[in-house]
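Residue-level structural notes
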Amino acid sequence: MDRLLDSPAYGERWARHWMDIARFGESFGFEQDYDRPYAHHYRDFLIKALNGDMPYDRFVRWQIAGDELATGNPLALMATGFLASAAFPTEITEAEFERSRYEEIDDMIGTMGTAMLGLTVGCARCHDHKYDPIPSSDYYSVAAVFGRTVRTEVQHEPEPGAYDDARSAWEARREELRAGRRAREEDLAGDAFKEWLRDGSQPASTDAWRVVDASAATAESGARIDTLDDGSLLVTGAISDFDKHTITADVMTDGVRAIRLEVLTHPALPNRGPGRSRDGQFHLGRIDAEARPLDDPEAEAVKIRFSAARATDELDADSASAQAAINSDTRTTGWSIRRESLGTSQAAAFELAEPLELHGGARLTFSLHFGYNVHFTVGRYRLSVSRDPAPPLEVGTGVPEALAEGLATLRESRQAPLAGDHAAALLRLYARTDRLWQELDQALAEHELRVPVPTATKILAAAEGLPPARHNATNRGFPHFYEPTYLIRRGDVSQKVAPAKPGFLRALMRATGASSPWRESPPDGWDRSTLDRASLANWIVDHRRGAGALLARVISNRLWHHHFGRGIVATPSDFGSRGDPPSHPELLEWLAQDLVDNGWSLKRLQRLVMTSAAYAQGAGHRSAAAYVDPDNRLLWRWAPRRLEGEAVRDSLLSVSGRLDRRMYGPGTLREDMRRRSVYFFVKRTALVPTMMLLDWPEHLVGIGRRPSTTIAPQALMFLNSPRARGYAEGLAGRLPSAADAQAAVAKAYRLAFNRDPGPGEADEGVAFLRAQTALRESSGERDAARLALVDYCQALLSLNEFLYIR
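Presented here is an overview of the structure given in this document.

Rules used throughout
- Counting from 1, residues in each chain are numbered in the order their sequence is written.
- Restriction of local features to residues with pLDDT of at least 70 applies here, the model being predicted, together with a cutoff of 80 or more for giving and counting side-chain atom pairs; totals for whole chains, interfaces and linings are based on all residues.
- Water and hydrogen atoms play no part in the side-chain values, which are based on all heavy atoms of the structure.
- Only DSSP runs of H or I reaching four residues or more are called helices, and only runs of E reaching two or more are called strands; each is numbered from the N terminus.
- Relative accessibility decides the category of a residue: with a 1.4 Å probe and only protein chains considered, values under 20% of the type maximum give buried, values over 50% give exposed, and everything between is partly exposed.
- Residue-level accessible areas treat just the shown protein chains as cover; the underlying method is Shrake-Rupley with a 1.4 Å probe.
- Salt bridge criterion: a side-chain nitrogen from Lys or Arg within 4 Å of a carboxyl oxygen from Asp or Glu.
- Throughout, a residue-residue contact means that at least one pair of heavy atoms, one from each residue, lies within 4.5 Å.
- Throughout this description, the term nonpolar core refers to a set of buried Ala, Val, Leu, Ile, Met, Phe, Trp, Tyr and Cys residues connected via side-chain atoms within 4.5 Å.
- By this definition, two strands are paired if DSSP reports at least two bridges between them.
- For helices, the axis comes from a line fit to the C-alpha atoms of the stretch in contact; other axes are also lines fit to C-alpha atoms, and the angle between any two N-to-C directions lies between 0 and 180 degrees.
- Should an angle fall under 35 degrees it is called roughly parallel, over 145 degrees roughly antiparallel, and 65 to 115 degrees roughly perpendicular, with every other angle called oblique.
- In a left-handed crossing the near helix is turned counterclockwise from the far helix by less than a right angle, and in a right-handed crossing that turn is clockwise.
- Classes in brief: Ala, Val, Leu, Ile, Met, Phe, Trp, Tyr, Cys and Pro nonpolar; Asp, Glu, Lys and Arg charged; the others, Gly included, polar.
- Here is the rule: rings of Phe, Tyr and Trp (six-membered ring for Trp) pair when centre to centre is within 6.5 Å. Planes less than 30 degrees apart are stacked, more than 60 are edge-to-face, and the remainder are tilted.
- For a ring to carry a charge above it, either NZ of a lysine or CZ of an arginine must fall within 6 Å of the ring centroid while also lying within 35 degrees of the normal to the ring plane.
- Think of it as the arc spanned by the lines of direction from the helix axis to the C-beta atoms.
- Counting of polar contacts relies on pairs of N or O atoms within 3.5 Å, with two restrictions inside protein: one atom must be capable of donating a hydrogen and the other of accepting it, and residues adjacent in sequence are counted only when both atoms are side-chain atoms.

1. Considering the overall build of the protein chain
When its secondary structure is counted, the protein chain shows 26 helices and 19 strands. Its C-alpha atoms give the protein chain principal-axis dimensions of about 105 × 80 × 45 Å. Sorting the 806 residues of the protein chain into buried and exposed places 53% on the buried side. Accessible surface, the protein chain as shown: approximately 35,200 Å² in total, 50% of it carbon and sulfur.

What follows is the structure, given as structure tokens:
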């Protein structure tokens with residue numbers, strides 16, 4: 001038990017329970033459902049806090065006012081993600097602004113009430129609570145506490161200076177490798193190279209595409225753009241919600257008819273890219289280009305018009321295609337690729353309406369607009385031009401423009417040596433035949449794949465006095481908060497009664513209406529916030545004069561609920577008069593008091609519960625007891641119950657030997673992820689299907705008690721899903737060969753059920769393996785014995801014993 005409580009997986013397991021009641025999500029929800037790429041820090045806070053056995057009173061206070069109570073502590077800032085996790089409709093009209101803001105505050109109040117106090121405080125928004133002693137005036141007093149609280153994104157550097165040091169070392173090593181390659185090229189620039197130039201043996205430039213050499217590349221966001229050795233541009237560093245990249249290149253190719261944009265993978269990008277979103281996706285809203293003659297840089301730029309576009313891969317032929325990236329809309333349409341193509345390089349070609357006649361060269365300026373969803377920018381890309389009207393569309397083809405022009409000049413003039421960029425490009429082409437140069441070039445290419453990634457990130461938090469996080473409604477003037485907060489009649493913002501003053505719920509105040517015992521006063525020079533949330537946090541944990549006694553009862557009951565499958569109060573998020581009365585009221589009081597007396601330690605209370613006689617009972621059924629108490633409210637037996645979806649999936653990964661134990665950081669929507677299920681990205685309109693099949697919540701409101709359904713598709717998932725088959729294959733790979741059926745069955749039981757098989761079970765397993773092997777052999781299948789072992793493992797993983805706590 002101590003080993004499990006000390007395990008890093010403890011926090012991952014119990015954080016998911018709290019995420020249910022905190023309605024945790026990583027997107028805004030509603031129709032557009034834009035991502036919140038920094039929301040995962042709140043999940044990471046929960047894991048770290050629970051693993052470190054953070055006292056529960058501090059755990060609660062930081063979630064309400066961590067930015068005010070522990071200024072400068074990044075963990076405390078992450079904790080305020082509790083207030084920022086709710087869904088919010090960013091596609092709203094000006095007429096809906098104020099109502100939407102009051103609904104946002106209502107969510108903060110309602111979630112705090114159900115999650116921490118087990119009270120449906122939100123019911124008092126429109127009228128006095130019909131069942132519990134919460135008048136509407138108290139509701140708006142609490143609303144005034146949150147009146148100026150907004151979502152914000154705060155820059156955080158977990159390892160100050162670490163990136164700069166790594167970057168400097170990387171750049172120094174890259175320059176060493178480049179210098180070594182240049183030195184070898186200089187060694188080769190002798191008579192043999194000149195003879196190679198004269199004899200005409202050099203290849204012709206047959207590639208239709210010519211890779212341009214960017215002389216400058218900038219991002220509006222301030223992101224760093226590096227030019228790699230292959231002419232591609234790698235984007236790292238600061239990442240904003242939306243961005244615009246501007247690239248300048250001098251081009252000599254005459255008669256340009258098409259421009260190609262290759263989006264390329266790189267290990268520094270999420271899922272290898274090619275985009276910078278959490279899954280490597282991008283969305284190019286629009287590409288623009290203009291040209292100026294090289295001999296007259298002050299001349300007016302000529303805008304390049306595109307007539308058509310095509311791509312190697314597109315998400316949608318209409319709104320998410322290369323063709324859609326040449327219109328004027330940068331927000332809703334553009335070029336993206338399909339989910340299954342993420343992690344692969346792709347390309348798009350944009351055909352010019354009229355050929356670009358350069359006559360002596362031109363300075364081209366490209367603008368890439370990224371304005372759809374957050375972080376959907378390209379992470380690595382390369383630009384090329386072609387004089388062909390319909391050049392082939394492939395990734396990785398093409399030659400540097402300087403080389404192509406050098407070869408063309410050489411063929412025309414037959415003079416050697418050439419000067420400038422053309423000569424350098426031709427020398428590099430010649431050097432490719434040298435083994436030492438090849439080794440030096442390969443070392444440089446491998447080094448560029450290991451570019452350091454900045455450790456700086458942003459934290460999605462809730463705070464006052466900091467810039468609000470932008471979203472679509474911001475662009476239309478959404479103010480994010482209104483001053484003052486009003487008491488309004490029937491929840492209708494058009495029926496304002498009077499400004500509300502910050503306060504607390506009087507039913508949970510022994511200080512007879514006085515709020516002074518909890519009031520936090522701003523220090524001298526403090527002007528960022530009112531500290532009203534800090535005062536609220538003090539009140540909610542005060543077990544003598546404030547709400548702390550109820551706070552302790554609610555969390556003690558939640559722990560009991562998760563260990564026994566049913567709380568002492570069966571409605572864990574409703575301790576009001578409409579909730580179920582406690583089955584053991586004295587026990588609940590004793591547990592709550594014990595929690596407070598022992599420093600609000602959750603781990604200690606859990607250990608106490610799990611070493612109790614009640615927890616150690618068997619699951620045997622007794623008819624007489626069932627007649628008196630059919631629902632087992634009096635705990636006369638252990639009630640078997642199915643594991644939650646996360647525990648089922650994580651157990652499958654663990655038993656199959658495929659579990660990736662890496663902790664923290666951004667999540668993903670990919671169902672083939674091998675990390676624990678707590679690291680799934682919670683996108684409200686694209687919830688993970690397998691998890692939903694196993695009763696995952698919808699993450700719109702806090703859920704204190706998940707349903708546990710038993711439906712046919714669950715069984716079909718274990719029988720037919722390729723992932724279930726993969727888990728079975730993983731388990732089979734950990735067993736002795738099917739030739740030793742007895743040993744294979746024994747180890748399979750130990751791995752899957754943590755016990756040895758009984759005599760009958762062992763015999764059944766051996767008989768199954770033999771029969772299934774014979775059946776597969778009769779069908780002419782190769783490796784029949786191994787496949788029969790996989791079949792057997794799949795059957796074991798589908799048994800109730802694997803899925804149920806007994």
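After that view, the rundown keeps rolling.
2. Brief notes about the pattern of salt bridges
A side chain with one charge may pair with a side chain of the opposite charge, provided their charged atoms come close. Across all of its chains, the model carries 66 salt bridges by this definition. The residue R533 makes a salt bridge to D67 at a minimum N-O spacing of 2.9 Å. Here the residue R533 occupies a position in helix α14 (residues 532-541), and D67 occupies one in helix α4 (residues 56-69), the gap between them amounting to 466 residues. Taken as a pair, R533 and D67 share a single burial class, namely buried. D783 is the salt-bridge partner of R786, the closest N and O atoms lying 2.7 Å from each other. Take R786: its relative accessible area is 41%, and that puts it in the partly exposed class. Residue classification places D783 among the partly exposed positions, given a relative accessible area of 45%. One connected set of salt bridges, linked through shared partners, spans D33, D35, R278, D279, R339 and K683.

3. Side note on α14
The buried fraction of α14 amounts to 10 of the 10 residues, a majority that puts the element mostly inside the structure. When α14 is considered as a whole, its buried residues turn out to be D532, R533, A534, S535, L536, A537, N538, W539, I540 and V541. Those residues of α14 that are buried lie in contact with α4, α6 (81-84), α7 (97-117), α8 (136-145), β15 (457-463) and α15 (548-564).

4. Describing the nonpolar core
Within soluble globular proteins, side chains that are nonpolar tend to cluster in buried spots. Core analysis: the largest hydrophobic core is formed by 106 residues, its most contacted members being W18, F45, M116, W539 and I540. With near-sequence residues (within four places) excluded, F45 lies in contact with M54, F59, W62, Q63, L75, M78 and A79.

5. What about the sheet that holds strand β8 (residues 286-293)?
The strand order across the open sheet formed by 5 strands is β3-β6-β12-β8-β9, and the pairing between neighbours is antiparallel. With one partner strand each, in any of the chains shown, β3 (214-219) and β9 (302-303) form the two edges of the open sheet. When β3 meets strand β6 (residues 243-251), the two strands line up antiparallel, connected through 5 bridges. Bridge pairing in β6 places A217 opposite I247.

6. A short note on the packing of helix α16 (residues 585-597) against helix α17 (residues 602-610)
Look at α16 against α17: their axes get within 9 Å of each other, and the N-to-C directions meet at 140°. The angle between α16 and α17 places the two elements in the oblique class. Like other packed secondary-structure pairs, α16 and α17 cross with a definite hand, here right-handed. On the side of α16, the interface is formed by W590, L591, D594 and L595, while α17 contributes L602, R604, L605, L608 and V609. Of the residues contributing to the contact of α16 with α17, the split by class is 7 nonpolar, no polar and 2 charged.

7. A closer look at the packing of aromatic side chains
All told, the structure shown has 27 aromatic pairs when counted by the stated rule. Taking the ring centre of Y679 as reference, the NZ or CZ of R675 above it sits at 4.0 Å.

8. Structural notes on the packing of helix α23 (residues 741-753) against helix α24 (residues 759-778)
It is the contact of α23 with α24, at a shortest axis distance of 9 Å, that shows an interaxial angle of 120°. Taken as axis vectors, α23 and α24 run oblique relative to one another. Handedness of the α23/α24 crossing: right-handed. For the pair α23 and α24, contact is made by A741, Q742, V745 and Y749 and by E761, A762, G765, V766 and L769, respectively. Among the residues forming the contact of α23 with α24, the class breakdown is 6 nonpolar, 2 polar and 1 charged.

9. Observations regarding the pairing of β8
Bridge count between β8 and strand β12 (residues 362-370): 8 bridges; the pairing is antiparallel. Residue pairing in the sheet places D288 in a bridge with S367 of β12. As defined by bridge partners, β8 adjoins β9 across 2 bridges and the pair is classed as antiparallel. When the bridges of β9 are listed, E290 appears paired with K303.

10. Observations concerning α17
Think of an α-helix as 3.6 residues a turn; residues three or four steps apart then line up on the same face. Buried residues of α17: L602, K603, L605, Q606, V609 and M610, and no others. Looking straight down α17, one finds that the buried residues subtend no more than 160° of arc, so they occupy a single side. Its buried side turned inward, α17 meets α1 (2-6), α2 (8-21), α3 (40-51), α4, α15 and α16. The N-cap of α17, judged by a side-chain oxygen 3.2 Å from the amide nitrogen of R604 a few residues on, is S601.

11. Overview of unusual backbone geometry
Cis geometry marks the peptide bond from G273 to P274, where omega comes out at 10°. As for its placement among the helices and strands, P274 is situated in the loop between β7 (256-263) and β8. Here the residue pair E483 and P484 is connected by a cis peptide bond, since its omega of -5° sits within 30 degrees of zero. Mapped onto the elements of the fold, P484 is located in the loop between β15 and β16 (486-488). The backbone of D53 shows a phi angle near 50°, a positive value even though the residue is not glycine. Tracing the backbone shows D53 in the loop between α3 and α4.

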